[in-house]
Amino acid sequence: MSLADLTLDRWRSLDLAAAGRLAHEAAAQVGGRVVLLDVVGHLGGPLHRVRIEREGREFALVPGGTVRLGFDLDAWEPTPAQAADFAASADEGYGYGHEDLKAYLADVLSPPRTATLATVFMAVEDEALTGPAADMPAALAARGLRIPGADEWEHACGAGAGTLFRWGNECPLDEPSYGSGLLRHEPNAFGLHIAYDSYGTELSGDPAAVHGGDGGEAVCGGYGDLLGWLPLATANRNPYAAEFTYGPDGEGMYEEFSTRPVLSLR
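Residues numbered from 1 in each chain as written. Predicted model: local features only at pLDDT ≥ 70, side-chain atom pairs only at ≥ 80, totals over all residues. Heavy atoms only, no water.

A.B. asks: Which parts of the structure should I look at to understand the overall build of the protein?
C.D. replies: The secondary structure content of the protein amounts to 11 helices and 10 strands. For 266 residues, the compact-globule formula gives about 18 Å, and the C-alpha radius of gyration of the protein, at 18 Å, lands near that figure. With respect to the principal axes defined by its C-alpha atoms, the protein has extents near 55 × 45 × 30 Å. A total of 266 residues make up the protein; the buried ones form 51% of that total. For the protein, the proportion of contacts with a sequence separation of at least 24, taken over those separated by at least 6, is 72%. For the protein, the exposed area adds up to about 11600 Å²; of that, 52% sits on carbon and sulfur atoms. Distance between charge centroids for the protein: 13 Å, based on 18 positive and 39 negative side chains. (Helix = DSSP H or I, 4+ residues; strand = E, 2+ residues; numbered from the N terminus. Rg over C-alpha atoms; globule rule 2.2 N^0.38 Å. Buried < 20%, exposed > 50% of the residue type's maximum accessible area, 1.4 Å probe, protein only. Contact = heavy atoms within 4.5 Å. Areas by Shrake-Rupley, 256 points an atom, 1.4 Å probe, with all protein chains shown as cover. Lys, Arg positive; Asp, Glu negative; His and termini not counted. Charge placed at Lys NZ, Arg CZ, Asp CG, Glu CD.)

Following this line, the structure appears as structure tokens:
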């Protein structure tokens, strides 16, 4: 079996010994070494987590296959606190003209769908761009890496959870969505440090999307507590922030943006 064809369901069915053998095989294929193999509880069952080290950077194994992506607004209802907070923001003129929270989310989140993705190693930490976004594919390719696809990023963040945020449907509205904070900085199910600070702006292969933050737009603009947290939503692609990032105003600010390099398997 090709390692790239390993599915998340198959990965979850393995015992620790079999998972370890595949982990070491995958690490060797990309010139790395396994530095972590453990098991966590996720979605009602065990999930093996693998980290490798390659050229001074750590990467986590992200099993693929046919996966569900996007956020199902029809199956979700906001809490009273979330609804009230968004209503207050809308009254102040924030929310890109939307007066209804679900309408706003339909505008900035990706819709429910399935996608078939390869198993990859993805960088545990994002890294700042070293040049304009258009130059990054070549810069990463010189290191044997590539930019993640938008679907790859979303799957890596949510790990199949399907909730608004990678940790669940709620966020602590009385806490900031940036800086220190245990909930946001905990590794996700695959062991990635991801969607952890709303001042972040991670780029993928889709110039119509940004991920893991909005560069602090909502926080600095005083948009409201919920709108400050929503850039961390797993399916948030925020076309408005993407338009700025990839437009003439963002072109000279590339050092403020980051990406999460990927090691492909075969």
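Continuing now.
A.B. asks: When you look at the sheet that holds strand S7 (residues 127-128) in this model, what are you seeing that I'm missing?
C.D. replies: Within a sheet, adjacent strands bond to each other through the backbone by hydrogen bonds, running parallel or antiparallel. Sheet architecture is open: 3 strands sit in the order S7-S9-S8, paired in mixed fashion. Of all strands in the sheet, those with a lone pairing partner are S7 and strand S8 (202-203), marking the two edges. Here S7 pairs with strand S9 (residues 258-259) via 2 bridges, running antiparallel. From the neighbouring strand, glutamate 127 faces S9, where its bridge partner is threonine 259. (Pairing = 2+ DSSP bridges.)

A.B. asks: For this particular structure, what's the right way to read the pattern of salt bridges?
C.D. replies: Here the idea is simple: oppositely charged side chains can pair when their charged atoms come close. Counted according to the given criterion, the structure contains 15 salt bridges. Linking glutamate 202 and arginine 260 is a salt bridge whose minimum nitrogen-to-oxygen distance equals 2.7 Å. Of this pair, glutamate 202 sits in strand S8 while arginine 260 sits in the loop between S9 and strand S10 (262-264); the two residues are 58 residues apart in sequence, bridging distant segments of the chain. Each of the two residues, glutamate 202 as well as arginine 260, counts as buried. When the shortest N-O distance is used, the salt bridge between aspartate 206 and arginine 237 registers 3.9 Å. Remark: arginine 237 occurs in the loop between helix H9 (225-229) and helix H10 (239-246) and aspartate 206 occurs in the loop between S8 and helix H8 (217-220); sequence separation between them is 31 residues. Assessed through its relative accessible area of 14%, arginine 237 is described here as buried. (Salt bridge = Lys/Arg side-chain N within 4 Å of Asp/Glu carboxyl O.)

A.B. asks: Just checking my understanding: could you explain the side chain of histidine 48 for this structure?
C.D. replies: If you trace the backbone, histidine 48 turns up in strand S2 (residues 45-54). A residue is classified by how much of its surface remains accessible, and histidine 48, at 9% relative accessible area, is buried. Side-chain polar atoms of histidine 48 contact the backbone oxygen of leucine 14, separated by 2.8 Å. Apart from the residues lying within four places of it in its own chain, the contact partners of histidine 48 are Trp11, Leu14, Asp15, Leu16, Ala19, Leu37, Asp38 and Val39. (Polar contact = N/O pair within 3.5 Å; in protein donor to acceptor, adjacent residues only side chain to side chain.)

A.B. asks: Help me understand unusual backbone geometry in this model?
C.D. replies: Across residues other than glycine, the phi torsion is negative in most instances, and most of the peptide bonds are trans. Phi at tyrosine 96 is positive, roughly 55°, even though this residue is not glycine. Within the secondary structure layout, tyrosine 96 lies in the loop between helix H3 (80-91) and helix H4 (101-108). Residue classification places tyrosine 96 among the partly exposed residues on the basis of a relative accessible area of 29%. Although it is not a glycine, asparagine 238 sits at a positive phi angle of roughly 35°.

A.B. asks: Is there a simple way to think about the environment of histidine 155 in this case?
C.D. replies: Examined against the element boundaries, histidine 155 turns out to sit in helix H6 (residues 150-158). Residues histidine 155 and glycine 70, spaced 85 residues apart in sequence, show a C-alpha to C-alpha distance of 9.1 Å. Each residue touching histidine 155, except ones within four places of it in the same chain, is listed here: Leu8, Val62, Pro63, Gly64, Val67, Leu69, Leu117, Gly160 and Phe190. Among the polar contacts listed, one links the side chain of histidine 155 to the backbone oxygen of proline 63, at a separation of 2.7 Å.

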